[in-house]
Amino acid sequence: MKTSGSANGELFVVATPIGNLGDLTPRAREVLGRVDLVAAEDTRHTGRLLQSCGIQARLMSLHEHNEEARAPELLQLLRDGRSVALVSDAGTPLISDPGFRLLQAAAQAGVTIRPLPGACAAVAALSAAGLPSDRFSFEGFLPAKGGPRRARLQSLAADPRTLIFYEAPHRLQSSLEDMQAAFGAERPAVVARELTKAFETLYRGSLGELLLRAQEDADMQRGEAVLLVAGVPEQAADDEAELTRVLTILLESLPVSQAADAAAKLTGASRNRAYRLALQMSRQHQ
Ligand code: SAM
């Protein structure tokens with residue numbers, strides 16, 4: 001299908017369902033049915049989706065291991081005036097899914113890029129969580145290794161925005177443990193599991209309560225989940241950021257206990273809080 005009016009073809013970024021097939025939009029069906037090529041993270045998975053809609057399409061795989069090689073190939077097709085739809089296994093492409101290299105190359109080459117909005121687990125979870133949604137930060141997947149993961153969480157501890165994380169089921173409990181250590185047991189949070197599917201469940205509570213629940217209820221760790229954590233109120237965020245800044249300087253030349261004493265005096269924070277944070281910060285740098 002040559003796109004009239006421009007030499008280049010168009011690249012459609014098409015969201016697909018995250019569970020409930022009813023969430024494939026009519027516009028997505030129409031575009032998937034008429035493009036020259038569908039670039040899919042897993043061609044068998046997308047093939048089944050298209051088959052269920054009665055759509056026959058030419059498929060090409062585009063995943064994290066072949067994207068570097070495939071992107072120039074797809075760009076050439078677009079330059080030849082062909083239309084391409086990019087889809088991932090579920091939800092919106094590029095949101096913790098492949099496609100960035102292709103999009104970057106297509107944007108640089110002046111190809112027309114059209115988003116077809118639809119399901120996205122992060123937005124679906126936020127829309128139903130009941131946590132502040134005026135400002136939020138999508139954090140994707142945390143690093144898999146404990147040290148870098150804890151360091152990332154610590155860097156977010158004073159963030160006033162609602163934080164949204166994707167997590168693999170087998171890491172849910174350890175993530176909740178690390179979050180409790182970094183953000184405190186009282187911080188409000190939500191685990192949104194199996195969204196749009198038969199066993200959809202939203203667990204609401206403090207991080208401490210959710211951790212207890214995960215330890216007791218094996219179901220909570222089954223299936224896919226989004227983890228959302230409320231940010232700290234603005235004033236508390238400023239205080240925490242100031243305490244972290246002062247401790248960073250003091251810990252360069254003082255042992256933990258003395259750094260905590262001095263930081264508490266300088267910032268007005270309690271000695272206990274300064275000591276806990278100083279200890280965490282010094283452990284991360286060991
Ligand atoms: N691109 C997708 C999107 O727009 O949401 C996300 C892909 S990412 C590889 C997969 C992660 O998204 C899962 O590990 C889980 O954290 C989240 N996820 C996907 N589907 C979900 C669902 N139905 N319910 C809850 N979380 C889901």
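For the structure, see preceding data.
Criteria and cut-off values
- Residues numbered from 1 in each chain as written.
- Predicted model: local features only at pLDDT ≥ 70, side-chain atom pairs only at ≥ 80, totals over all residues.
- Heavy atoms only, no water.
- Near = heavy atom within 4 Å.
- Polar contact = N/O pair within 3.5 Å; in protein donor to acceptor, adjacent residues only side chain to side chain.
- Areas by Shrake-Rupley, 256 points an atom, 1.4 Å probe, with all protein chains shown as cover.
- Helix = DSSP H or I, 4+ residues; strand = E, 2+ residues; numbered from the N terminus.
- Axes fitted to C-alpha atoms, helices over the stretch in contact; angles between N-to-C directions.
- Parallel < 35°, antiparallel > 145°, perpendicular 65-115°, else oblique.
- Left-handed = near helix turned anticlockwise from the far one by under 90°.
- Contact = heavy atoms within 4.5 Å.

Draft legend 1. Just the site of the ligand, in detail. The environment of the ligand is formed by 19 residues, the closest being T92, D97, A121, Y166 and A225. In the model, an oxygen atom of the ligand is placed 2.7 Å from a nitrogen or oxygen of the Y166 side chain. L195 places a polar main-chain atom, nitrogen or oxygen, 2.8 Å from a nitrogen atom of the ligand. In isolation the ligand has 570 Å² of accessible area, and contact with the protein removes 91% of it. Elements with a contribution of two residues or more to the shell around the ligand: β7 (162-167) and β10 (225-229).

Draft legend 2. Geometry of the packing of helix α7 (residues 172-183) against helix α8 (residues 207-216). Where α7 contacts α8, the axes come no closer than 9 Å and their chain directions differ by 155 degrees. Considered as vectors, α7 and α8 are oriented roughly antiparallel to each other. Here α7 and α8 pass one another in a crossing that is left-handed. Contact with α7, carried on its side by Q173, L176, E177, M179, Q180 and F183, involves L207, G208, L210, L211, A214 and Q215 of α8 and no other residues of that element.

Draft legend 3. Quick look at the environment of A189. Assignment of secondary structure puts A189 in strand β8 (residues 188-193). As a C-alpha pair, A189 and A263 span 74 residues in sequence and 29 Å in three-dimensional space. Other than its neighbours up to four places away in sequence, A189 contacts L131, Y203, R204, G205, L207, L210, L228 and V229.

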